[in-house]
Each structure stands twice: as C-alpha cells, then as structure tokens.
Amino acid sequence: AAGVIQSPRHLIKEKRETATLKCYPIPRHDTVYWYQQGPGQDPQFLISFYEKMQSDKGSIPDRFSAQQFSDYHSELNMSSLELGDSALYFCASSFWQGKNIQYFGAGTRLSVL
Amino acid sequence: GIQVEQSPPDLILQEGANSTLRCNFSDSVNNLQWFHQNPWGQLINLFYIPSGTKQNGRLSATTVATERYSLLYISSSQTTDSGVYFCLNQFYFGTGTSLTVIP
C-alpha cells in the first residue's frame, strides 16, 4: 500500500539559509499535518491543512510557512534557519471523513550548521 | 493544548517479560493512537483506539475515555520491541516511554 512520502530524507543547511520540505500524502487523503521532533523530544505539532486550507495551527515559528497544493501535496518552507531548527520533521496524512487516523512519513532530518 | 503524560519515561526489560505503558490526558480523548518509534526514527502505527480494547499479536491497548487514560500492553517482549512508544491525542504527542529489551 502507498505510504506518505517525504523528501528529501536528509538536508544540511547553513544558518540563515532557507529550506523547503515536501510531503506527498497517501492517495485520497485530504488532510496533511506537519510535526517537528527535536533531539530526545516528542514530536510537536506545527500546522495542518484540510482540502488545501489551513485547518489548525500549532507552534509553527513565523519564519516557517506551509501550504497544501491542488494535488494535496504539501510543502513546509523554512527561512532564516537557526541552529535550533535542526530536527526531524514529520508529515502525516489522514482522510477527514473517516476515522482521521494519521499515517506518518519517514521524516526529513534537517541539520543546520 | 492538551497535556499528555506518559509513564514510565524509561523501561528496561529482560526478553520475554511483559510490560504496561500508560498515557494520561488533561482533556478529552480524540482520535487516540499509539506509535512505536524505531531506532531509525520511523513512527510505526500500532493502534487507533479512541475507546475500548484492541489486540494485535503480542500487543494490546485499552482506552478509558471517561477517565482520560490509555494503556499499551506488551507481552513476551523481544529485542525488536526496543524504541520509544508514543501516544497521540489529536495533535498532541505524549512525553514518550523509552523501552530497552535486553537479551
């Protein structure tokens, strides 16, 4: 069965650079979630989209933005990167009309040097 | 947001032992899920269990929504069970239980 696809899997950036993370949800899923997991921490919710509209907002920094496109894939844009942004970024998708069970991608590991 | 506390924070087991992990919520249960995060960082779905009890092989889970807690049971633990176990309530992850199973 198709899973949530995230790219790239690994990313190395310098401070003050920008980064774009991509997420391709499971086919027919209409909701996408983004989470950030720092080293040794639990994942923290950033933002979610339902049918291409922002549905909920968590602890997403103002330097970050995200959107969901017409094909339901989503991108997380991160600007003015800081050392503290180094983390594992997860995307999850779900089908809102169903049980809304979240399925997670393998994550993008971002290292800011 | 909802506070989700997990206990114990760390657990070391001998292979073959049983264990119970607990998740307590500060607010109502909503789309409760349990995950296993393996050493490579992947979050593996274990259960979707907003209420009641489910079993899958050596694992089972129970959620008592009225009392705002959920339990994950691991029986006859194996070394491959090692990792961090998280519960997720809507968008809120628990603090995690780090499990180490030694041969």
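Look above for the structure.
Per chain, residues are indexed from 1 in the order of the written sequence. Naming scheme: in the order in which they are written, chains are lettered from A and ligands are numbered from 1. Residues qualify for local features only when their pLDDT is at least 70, as the model is predicted, and side-chain atom pairs are given and counted only at 80 or more; totals for whole chains, interfaces and linings, by contrast, use all residues. Computation of side-chain values covers all heavy atoms of the structure but excludes hydrogens and water.

A. Molecular detail of the overall build of chain A. Tallying secondary structure elements over chain A gives 0 helices and 11 strands in all. In sequence order, chain A lays out its α and β elements as β-β-β-β-β-β-β-β-β-β-β. Relative to the 2.2 N^0.38 estimate, which gives 13 Å for 113 residues, the radius of gyration of chain A is 13 Å and therefore close to what a compact globule would have. In terms of overall dimensions, chain A has a C-alpha envelope of 40 × 25 × 25 Å along the principal axes. Burial status follows relative accessibility: with a 1.4 Å probe on protein chains alone, a residue under 20% of its type maximum counts as buried, one over 50% as exposed, and anything between as partly exposed. Scored against the burial criterion, the 113 residues of chain A give a buried share of 47%. Note that accessible areas follow from Shrake-Rupley with a 1.4 Å probe, and for residues the cover is restricted to the protein chains shown. Counting every atom, chain A has about 5700 Å² of accessible surface; 49% of that belongs to carbon and sulfur. Here chain A contributes 11 positively and 11 negatively charged side chains, and the mean placements of these two sets differ by 4 Å. By the criteria applied, helices consist of DSSP H or I runs no shorter than four residues and strands consist of E runs no shorter than two, each listed in order from the N terminus. The globule rule used for comparison is 2.2 Å times the number of residues to the exponent 0.38, while the radius of gyration itself is calculated over C-alpha atoms. Note on charges: Lys and Arg go in the positive column, Asp and Glu in the negative column, and His and the chain ends are not counted at all. Charge placement uses NZ in Lys and CZ in Arg. For Asp and Glu, CG and CD serve respectively.

B. Highlighting the sheet that holds strand S8 (residues 74-78) of chain A. Residues and elements named next belong to chain A. Any two strands between which DSSP finds at least two bridges are classified as paired. The 4 strands lie next to each other as S1-S3-S8-S7, forming an open sheet whose pairing is antiparallel. At either margin of the open sheet sits one strand with a lone partner, and together these are strand S1 (5-7) and strand S7 (64-68). Strand-to-strand twist across the sheet, computed as the mean angle between neighbouring axes with direction ignored, equals 15°. Across 5 bridges, S7 lies against S8 in antiparallel orientation. Bridge pairing links Gln-67 to Glu-75 in S8. Each axis is a line fitted through C-alpha atoms, and for a helix only the stretch in contact is used; angles between axes span 0 to 180 degrees, taken between their N-to-C directions.

C. How the structure looks around the pattern of salt bridges. All names here are of chain A. Any Lys or Arg side-chain nitrogen located within 4 Å of an Asp or Glu carboxyl oxygen qualifies as a salt bridge. Going through the model one piece at a time under the given rule, you end up with 5 salt bridges over all chains. Residues Glu-82 and Arg-63 are paired through a salt bridge, measuring 3.4 Å at the closest nitrogen-oxygen approach. Here Glu-82 is found in the loop between S8 and strand S9 (87-94), whereas its partner Arg-63 is found in the loop between strand S6 (53-57) and S7, with 19 residues between them in sequence. Assessed through its relative accessible area of 41%, Glu-82 is described here as partly exposed. Taking the shortest distance from any N to any O, the salt bridge between Arg-63 and Asp-85 comes out at 2.9 Å. Note that Arg-63 is positioned in the loop between S6 and S7 and Asp-85 in the loop between S8 and S9, a separation of 22 residues in sequence. One salt-bridge network, held together by shared partners, links Arg-63, Glu-82 and Asp-85.

D. Region of the structure containing the state of the cysteines. Two cysteine sulfurs form what is called a disulfide whenever their separation falls within 2.5 Å. One pass over the structure, following the stated rule, counts 2 disulfides over all chains. Each disulfide pairs two cysteine sulfurs, and for Cys-23 of chain A the partner residue is Cys-91 of chain A, the sulfurs being separated by 1.7 Å. Handedness of the Cys-23 of chain A-Cys-91 of chain A disulfide follows from its S-S torsion of about -55°: it is left-handed. Note that Cys-23 of chain A is positioned in strand S3 (residues 19-24) and Cys-91 of chain A in strand S9, a separation of 68 residues in sequence. Across the disulfide from Cys-23 of chain B sits Cys-87 of chain B; the S-S distance is 1.7 Å. Across the S-S bond of Cys-23 of chain B and Cys-87 of chain B the torsion is about 55°, and the bridge reads as right-handed. You can see Cys-23 of chain B sitting in strand S3 (residues 19-25) and its partner Cys-87 of chain B sitting in strand S9 (residues 83-89), a full 64 residues away along the chain. We note that Cys-23 of chain B, like Cys-87 of chain B, is buried.

E. Here's a closer look at the nonpolar core. The criterion is simple. A nonpolar core is a set of buried Ala, Val, Leu, Ile, Met, Phe, Trp, Tyr and Cys residues joined through side-chain atoms within 4.5 Å. By size, the foremost hydrophobic cluster in this structure holds 22 residues, and its most contacted members are Leu-21, Trp-34, Leu-76, Met-78 and Tyr-89 of chain A. Those elements that provide at least two residues to this core are S3, strand S4 (31-37), strand S5 (44-50), S7, S8, S9 and strand S11 (108-112) of chain A. When checking whether two residues touch, look at their non-hydrogen atoms; a contact exists if any pair is within 4.5 Å. If we ignore the near neighbours within four places in the chain, the residues touching Met-78 of chain A are Glu-17, Thr-18, Ala-19, Leu-21, Arg-63, Phe-64, Tyr-89 and Leu-110 of chain A. With 21 residues, the next largest nonpolar core counts Leu-11, Ile-49, Ile-74 and Val-101 of chain B among its residues.

F. Seen up close, the side chain of Asp-81 of chain B. When you line up the elements, Asp-81 of chain B lands in the loop between strand S8 (69-74) and S9. We call two N or O atoms a polar contact when they sit within 3.5 Å, provided that within protein one can donate a hydrogen and the other can accept it, with sequence-adjacent residues counted only if both atoms are side-chain atoms. A polar contact is formed between the side chain of Asp-81 of chain B and the side chain of Arg-58 of chain B, at a distance of 2.9 Å.

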